[in-house]
Structures are given as C-alpha cells and as structure tokens.
Amino acid sequence: MIIQRKAPFYNFLLLLPLLHILFGCSTNPATGDQSFTAFMSAKDEARVGAEEHPKLLKEFGGSYDDQALKAYVRHVGKQLAAVSEFPNLPWRFTVLNDPQVNAFALPGGYVYMTRGLLALAGNEAEIAGVLAHEIGHVTARHTAQRYSTGMATKLGLTGLGILGSVFGVPTGVGRIISTGAQIALQQYSQAQEMEADMLGLRYMARIGYDPTAMTSFLKKMRAHAELEARQKGKEGVPHNIMSTHPRNQDRVNQAVELAKSKMPVRPVTNADDYLNRIDGIIFGDDLSQGVVSGRIFKHPELGIIFKVPPEFSIFNSRRKVAAFGPNQARIVFDMANSKEASKIRSLIDYLKNVWGKNLNLQDPEFIEVNGMRAATGRARAFILGQSRELRLVVVQEKSDRIYRLIFMAAPSDMQKFSEEFRRSTYSFRRLTKTEARAIQPLRLKVIIARTGDTVANVATKFPIPRFQREWFRLLNDKKIGQQITPGERIKVVTE
C-alpha cells in the first residue's frame, strides 16, 4: 500500500524536467510553428547579443569607417525590420571592416554585413535580401533553438527524439548524442536556412524589393566561393557566407519558386543609387592588417614587405598571410608572440626547440636577410596524409619582433620551387618611412564603360596577379562570352 501511494508522486518528480522542456516550446509569431527554446528566453537573447557584440567587432576588424555607407545599410535594414513580426526589437545593423563576403546575426537584433559583401552586390535589393534573411534568423529565434537543442542533448534528454515532431525539437536528436552535438549544431540546419529565406522574402515583398535579387545574389556568393577555392587550389575552406549558411541546389530552387510567388507590381532594385554609394569602398585588405597588391604583401604599420613567386595567390588574415601555389605548394607568414620573441637568445634554438619542436629539423644555419639576423632549416612532415618538404625561416627584425616563413611543397617539387622560395625569402625587407606612408588600400571604383572596352583589357588593369577576368565577371555579374556595353556602369579594382 505504501509503495502504491508514493509511485504516482515519484513518477511525477521524474517528469518535472520533461515538463519544464515541454513548456519551453512556444508558438513563434514569425513562423507560426512551435519552436523549442526552453533554455534561452527572449531576455537571454538580448543579453547574449549585447555581450557578444563587442567581441565580434574585435574579431572582424571593427565597424567600417564610412558614416554615409553605414547609415545607408542601417536605413535599409531598419525598413525591413519594421515590417517583421518583431519591429520593437532594438535592431542594430553593422558594416564590418572585413574583406570577406559574409553576413550573420546575433540574437536580440544584431545583424552584420561585411564590406566585402557590399563590394560583391550589384544593387540595393541584393543587400536587402541578405539583411532580410538574417532578420529572418533572428525573428525565427534560430539561435535560441540551436542553443536549447544543444543543452537538451548535453543533458541526455533522449526522450525528446520521440516528441520532436510534436514539440519542434529537430528529429534525430538522440543520434546527435552519439555523434557529437557540437559538430551537428555549428551551422544552421537546411530547414532553418529555408525558413530564413521564406521570412526574408516576406519582408522584401512588404517593402516592394525585387525578390529575385535574393536568388541572384545566392548565385554570386556561390561563384565567389568557387573562385576563392580555385585561387587556393580547390582545397581551402571558403571564408564567406556559404560556409556558415549552407545552401544546396534544392534550397536555391525552392528560393527561386518562392521569389516568383512574391513578385511586387513594381519591383525595386535601386542599382544606380547603390553603385553610387559603394563607389570608392575599400576592396580587400585594410591598411591596419597589411595590404596585398598583386604578388606583394606590404604592411605600413609593421614597416615590412615581401613578394611571393609567380602563380601564387596571397590571402591575408588577422593572424597570418598564406600564399597558394601550383600542386598544393604553400607559403605561410606570421609573427612570433612578442613576449616569446623577447626571450629568444638563439634563433636556431628557437627553430629547433620552440617553433619546430615537433619536426626533425635538418641542416639549421644562421643567415642574414637584408641586414636582419635570421636562421633557416628544412624538415619533412605529413600534412593531411601527404608528405611535404618544408623550409622554415625566422627573421629577427627587433629584439621583440620575429617574423616566420614556412615554404612548403611536395618532395618532388621542392627543387623546382627552391630558387623562387629563396627569392621570396630575400625579398623580405624593411620599408622606408616614405614607402610606408605611400601605401594605400585597393579601392572598388564604378566607371562608365567606353567604346572599345572589353572584359580582357579592363580586367588586365586589376592589381590582382591571377584570375583577373574571373574577378571582373564576378563583380559585374557577367557570364563567359558576355561583353561590355559602352555607357554601362562597371566595377573595377584600382590602387
């Protein structure tokens, strides 16, 4: 009798965690569906957005310093947010000083777009499509869903898999536990991406923007990712919106069909106004991160310069510079930590016992590079399952400033590249103050095409060592074989 009396109450206690989760499912006014957000409330979203905003600004080079352009993007974004289901959120739209093609959102109404994306877009409707998509992620509360599902997974709530179709928990959550929840939750799901597309197109239609601009820009972003991969020998992970917002062809096709169903009577694109506003925008690297011009990398603040071999493409980032060459040959340039550098007494000891401590360094020797103490050595390593010959070089420019270069190639190619790698090493030098002051970033300019202009002769002037025609076509939305029309406005890259 005693056991029978306690059993119902005991079972109720076991159900309390599950009941808490069930009550964490609510109907979202944007999607009309129940969504699982038990572990992140709207108040939590606002707090997370506010806390992460300054960290994100620091990671992506801060806000782009063009007040008129920032105000323009903010205006477009706030128009779209005003017709969303959450118009009273404290929406904040930021243009990041980053050359990559990217856009994303934090919960609580924080939406970001890089200047690299602005350079790729061809009209206002295209950036409206990107902003509307990111607004859709916020209004659908996708971050809260991902976080809550992740927390549920960590707590081992496998029973949720049974309830998923009813209460909005993604199906297969039980399988995530055994395969790694963190990996599974790094990106938005395809369903969430499609939902953000749907909501974005809804907001665009309410303003009157041409909805096909969303799908046309999807194609541009894919083309950009493919071109970037070609520059990196088709091995690099694209650092653009496609890497965090996966879009397969089925989803693109669905977005196209949705766009057709939401076509306004007089669709707005605002191409001319948009081109006027991005005319002169920085293209590529900001001076504070060093500048790539052709095969040359130069850094005015550090006061250094070097050149990579022909057929190599340079990619700059905040932590390193990488050059990608034929047959997976690589050059990687970075700096030692200043505290670490100030403690170094022997460059060869540093090569062998610190930087290259996991390598069996061969033939270390001291050298001099344009008046600076340096050291070098060679090694062989397996990288991603392939044997690679390495040449390591360290250059001490100041007592607390050591630069590092790795030259990498297949063993069969190292002899072929040896002379070019040596030239790159000895191209490294200090800049004079006059040279440093003269460095300017690349700019995107909008010009009027003249009679006689062709893709070939205009693209040849781009200060980019390889794929000049491909870059021209990408920036100007030209197909192979499509020519320039005299009088049309075209984007060019200038020094």
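Refer to the structure presented above.
Residues numbered from 1 in each chain as written. Predicted model: local features only at pLDDT ≥ 70, side-chain atom pairs only at ≥ 80, totals over all residues. Heavy atoms only, no water.

Q: So what about the overall build of the chain? Which residues, and what values?
A: When helices and strands are tallied, the chain shows 20 helices and 18 strands. Scored against the burial criterion, the 495 residues of the chain give a buried share of 49%. Across the chain, contacts joining residues at least 24 apart in sequence account for 64% of those joining residues at least 6 apart. Carbon and sulfur atoms make up 53% of the accessible area of the chain, which amounts to about 24200 Å² in all. (Helix = DSSP H or I, 4+ residues; strand = E, 2+ residues; numbered from the N terminus. Buried < 20%, exposed > 50% of the residue type's maximum accessible area, 1.4 Å probe, protein only. Contact = heavy atoms within 4.5 Å. Areas by Shrake-Rupley, 256 points an atom, 1.4 Å probe, with all protein chains shown as cover.)

Q: An account of the nonpolar core is needed here, citing residue identities and associated values.
A: Formed by 64 residues in total, the largest nonpolar core has its most connected members in Leu80, Leu118, Ile127, Phe283 and Trp471. Here this core gets eight residues from one element, more than from any other, and that element is helix 5 (residues 124–139). If sequence neighbours within four positions are ignored, Phe283 has contacts with Arg115, Ala119, Leu442, Arg443, Leu444, Ile464, Trp471, Leu475 and Val493. By size, the runner-up hydrophobic cluster in this structure holds 26 residues, among which are Val292, Ala329, Phe333 and Ala409. (Core = buried A, V, L, I, M, F, W, Y, C linked by side-chain atoms within 4.5 Å.)

Q: I'd like a rundown of the environment of Phe217, residues and numbers included.
A: For Phe217, the location among the structural elements is in helix 11 (residues 212–231). The spacing of Phe217 and Asn123 is 94 residues in sequence and 9.8 Å in space, taken between C-alpha atoms. Those residues within four positions of Phe217 in sequence are excluded, and the remaining contacts are Leu117, Leu120, Ala121, Glu126 and Val130.

Q: Report on helix 10 (residues 190–207), specifying residues and quantitative values.
A: In this model, helix 10 (18 residues) spans 26 Å end to end at C-alpha, consistent with the 26 Å of a helix rising 1.5 Å per residue. Of the residues making up helix 10, those classed as buried are Gln192, Glu193, Met194, Glu195, Ala196, Asp197, Leu199, Gly200, Leu201, Tyr203 and Met204. Looking one or two places after helix 10, you find Gly208, whose phi comes out positive at around 105°. (Expected span 1.5 Å × (residues − 1).)

Q: Please provide a residue-by-residue account of the packing of helix 11 against helix 20 (residues 468–476), values included.
A: Taken N-terminus to C-terminus, the directions of helix 11 and helix 20 make an angle of 165°; their axes are 10 Å apart at the nearest point. One way to sum up the angle between helix 11 and helix 20 is to call them roughly antiparallel. Read as a crossing pair, helix 11 and helix 20 show a hand that is left-handed. Contacts from Lys220, Ala223, His224, Leu227, Arg230 and Gln231 in helix 11 reach Glu470, Trp471 and Leu474 in helix 20. Class assignment for the residues of the contact of helix 11 with helix 20 results in four nonpolar, two polar and three charged. (Axes fitted to C-alpha atoms, helices over the stretch in contact; angles between N-to-C directions. Parallel < 35°, antiparallel > 145°, perpendicular 65-115°, else oblique. Left-handed = near helix turned anticlockwise from the far one by under 90°. Nonpolar A, V, L, I, M, F, W, Y, C, P; charged D, E, K, R; others polar.)

Q: Give a detailed account of the sheet that holds strand 16 (residues 429–430), specifying residues and quantitative values.
A: Strand order in this open sheet of four strands is 6-7-8-16, and the pairing throughout is antiparallel. Looking at the sheet topology across the chains shown, the edges are occupied by strand 6 (291–293) and strand 16. Inspection of the sheet shows strand 7 (residues 296–299) paired to strand 8 (residues 304–307) by four bridges, in the antiparallel sense. Counted as the bridge partner of Ile296 is Lys307 from strand 8. (Pairing = 2+ DSSP bridges.)

Q: Tell me about the sheet that holds strand 15 (residues 401–409), residues and numbers included.
A: Ordered in space as 9-10-11-15-14-13-12, the seven strands form an open sheet in which the pairing is antiparallel. Each edge of the sheet is formed by a strand with only one pairing partner; in this case those strands are strand 9 (313–316) and strand 12 (362–369). The mean angle between the axes of side-by-side strands here comes to 20°, regardless of whether they run parallel or antiparallel. Bridge count between strand 14 (residues 386–398) and strand 15: nine bridges; the pairing is antiparallel. When the sheet's bridge partners are listed, Gln396 is paired in strand 15 with Ile402. Packing of helix 16 (residues 347–355) onto the sheet brings it into contact with strand 12, strand 13 (372–383), strand 14 and strand 15, and relative to strand 14 it is tilted by some 135°.

Q: So what's going on with the environment of Gly108? Residues and values would help.
A: Considering the arrangement of structural elements, one finds Gly108 in the loop between strand 4 (103–106) and strand 5 (110–114). The class of Gly108 is buried, set by a relative accessible area of 8%. Apart from the residues lying within four places of it in its own chain, the contact partners of Gly108 are Glu45, Ala46, Leu89, Pro90 and Val138.

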